[in-house]
Amino acid sequence: MQMLIAILVLLFECPYCCLMVTFVQKVSQFADNRTYWQKALMYTISAIVPICLCAGISTITGNLCIFVAGVFYGLMALGKKADRNEMVARASTEESQNADMKAHLMETGGKVVAQQALQNASRKI
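Quick caveat: nothing in here was measured; it's all calculated off a predicted structure.

A. Broad picture of the overall build of the chain. Along the backbone of the chain there are five helices and zero strands. Order of helices (α) and strands (β) in the chain, N terminus to C terminus: α-α-α-α-α. In the chain, which comprises 125 residues, the share counted as buried stands at 19%. Sequence separation of at least 24 residues holds for 50% of the intrachain contacts in the chain that already meet a minimum separation of 6. Only carbon and sulfur atoms are counted for the fraction: they give 66% of the accessible area of the chain, which is about 9900 Å².

This is how it looks when you write it as C-alpha cells:
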C-alpha cells in the first residue's frame, strides 16, 4: 500500500522521472488540473489509511511526509494572509455590521420569538 502511494505521489509531483512510461502524461495532466484542496484531501487521506492498517514506526515515518505535503497543499488552498491594514478595515466593517444586526435583532426580537413559537406549534399539529 505504501509503495503504491509513493508511486502515485511520484507520478503526480514529478512526472519527468517516468517519461518513458506511456500513461504518465495523462496522469500528470490529471494532477495539474486538480485544485489545492483536492490534492490536500487526497494526500492526507492516502497517508492516514496505511497508518490505520499497520501502525508501525516505518509506516508512520513514510506516510508522515505525504501527510505533511497534504497539509501544505491545504495551507496553499487557504491562500495568503491579508496585510494588517486590510484586516483592520475588514474587522471594523464587520463590527459595524454586527452592531447593526444586533440592534435590528433587539428591535424585532419579540416578534421573531412569537413567529418561531407559532411555526413550531403548527408543525406539531
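B. Main features of the nonpolar core. In terms of nonpolar packing, the biggest core is built from 12 residues, these being Ile 5, Leu 11, Phe 12, Cys 18, Val 24, Val 27, Ala 31, Ala 40, Tyr 43, Ala 47, Ile 66 and Tyr 73. Where this core is concerned, the elements lending two or more residues are helix 1 (2-13), helix 2 (24-32), helix 3 (36-53) and helix 4 (57-78).

C. Representation of the packing of aromatic side chains within the structure. Enumeration according to the criterion identifies three aromatic pairs in this entry. Following the ring pairs from residue to residue traces out a cluster consisting of Tyr 36, Tyr 43 and Tyr 73. Looking at Arg 34, its charged tip hangs above the ring of Phe 30, at a distance of 4.3 Å from the centre.

D. Geometry of the packing of helix 1 against helix 4. With their axes 11 Å apart at the nearest point, helix 1 and helix 4 run at an angle of 30 degrees to one another. Where helix 1 crosses over helix 4, the two elements pack in a sense that is left-handed. Contact with helix 1, carried on its side by Gln 2, Ile 5, Val 9 and Glu 13, involves Ser 58, Thr 59, Gly 62, Asn 63, Ile 66 and Tyr 73 of helix 4 and no other residues of that element. Considering only residue class, the contact of helix 1 with helix 4 consists of four nonpolar, five polar and one charged.

E. Structural view of the packing of helix 3 against helix 4. Where helix 3 meets helix 4, the closest approach of the two axes is 7 Å, and the angle between their N-to-C directions is 160 degrees. It follows from the interaxial angle that helix 3 and helix 4 lie roughly antiparallel. Seen from above, helix 3 lies across helix 4 with left-handed handedness. Between helix 3 and helix 4, the residues in contact are Tyr 36, Trp 37, Lys 39, Ala 40, Tyr 43, Thr 44, Ser 46, Ala 47, Ile 48, Pro 50 and Ile 51 and Thr 59, Ile 60, Asn 63, Ile 66, Phe 67, Ala 69, Gly 70, Val 71, Tyr 73, Gly 74, Met 76 and Ala 77, respectively. In the contact of helix 3 with helix 4, the residues fall into 16 nonpolar, six polar and one charged.

F. How the structure looks around the side chain of Lys 39. Checked against the element boundaries, Lys 39 lands in helix 3. For the buried residue Lys 39, which engages in no salt bridge, the nearest side chain bearing the opposite charge is Glu 13, 4.8 Å off. Ignoring sequence-local partners within four residues, the contact set of Lys 39 consists of Ala 31, Arg 34 and Tyr 73.

G. A look at helix 1. Counted at 1.5 Å a residue, the expected span for helix 1 with its 12 residues is 16 Å, and the 16 Å between its end C-alpha atoms agrees. Three or more residues of helix 1 are buried, namely Ile 5, Leu 11 and Phe 12. Looking straight down helix 1, one finds that the buried residues subtend no more than 125 degrees of arc, so they occupy a single side. At its buried positions, helix 1 is contacted by helix 2, helix 3 and helix 4.

What counts as what
Residues numbered from 1 in each chain as written. Predicted model: local features only at pLDDT ≥ 70, side-chain atom pairs only at ≥ 80, totals over all residues. Heavy atoms only, no water. Helix = DSSP H or I, 4+ residues; strand = E, 2+ residues; numbered from the N terminus. Buried < 20%, exposed > 50% of the residue type's maximum accessible area, 1.4 Å probe, protein only. Contact = heavy atoms within 4.5 Å. Areas by Shrake-Rupley, 256 points an atom, 1.4 Å probe, with all protein chains shown as cover. Core = buried A, V, L, I, M, F, W, Y, C linked by side-chain atoms within 4.5 Å. Phe/Tyr/Trp six-rings, centres within 6.5 Å; stacked < 30°, edge-to-face > 60°. Lys NZ or Arg CZ within 6 Å of the ring centre and 35° of its normal. Axes fitted to C-alpha atoms, helices over the stretch in contact; angles between N-to-C directions. Left-handed = near helix turned anticlockwise from the far one by under 90°. Nonpolar A, V, L, I, M, F, W, Y, C, P; charged D, E, K, R; others polar. Parallel < 35°, antiparallel > 145°, perpendicular 65-115°, else oblique. Lys, Arg positive; Asp, Glu negative; His and termini not counted. Salt bridge = Lys/Arg side-chain N within 4 Å of Asp/Glu carboxyl O. Expected span 1.5 Å × (residues − 1). Arc of directions from axis to C-beta.

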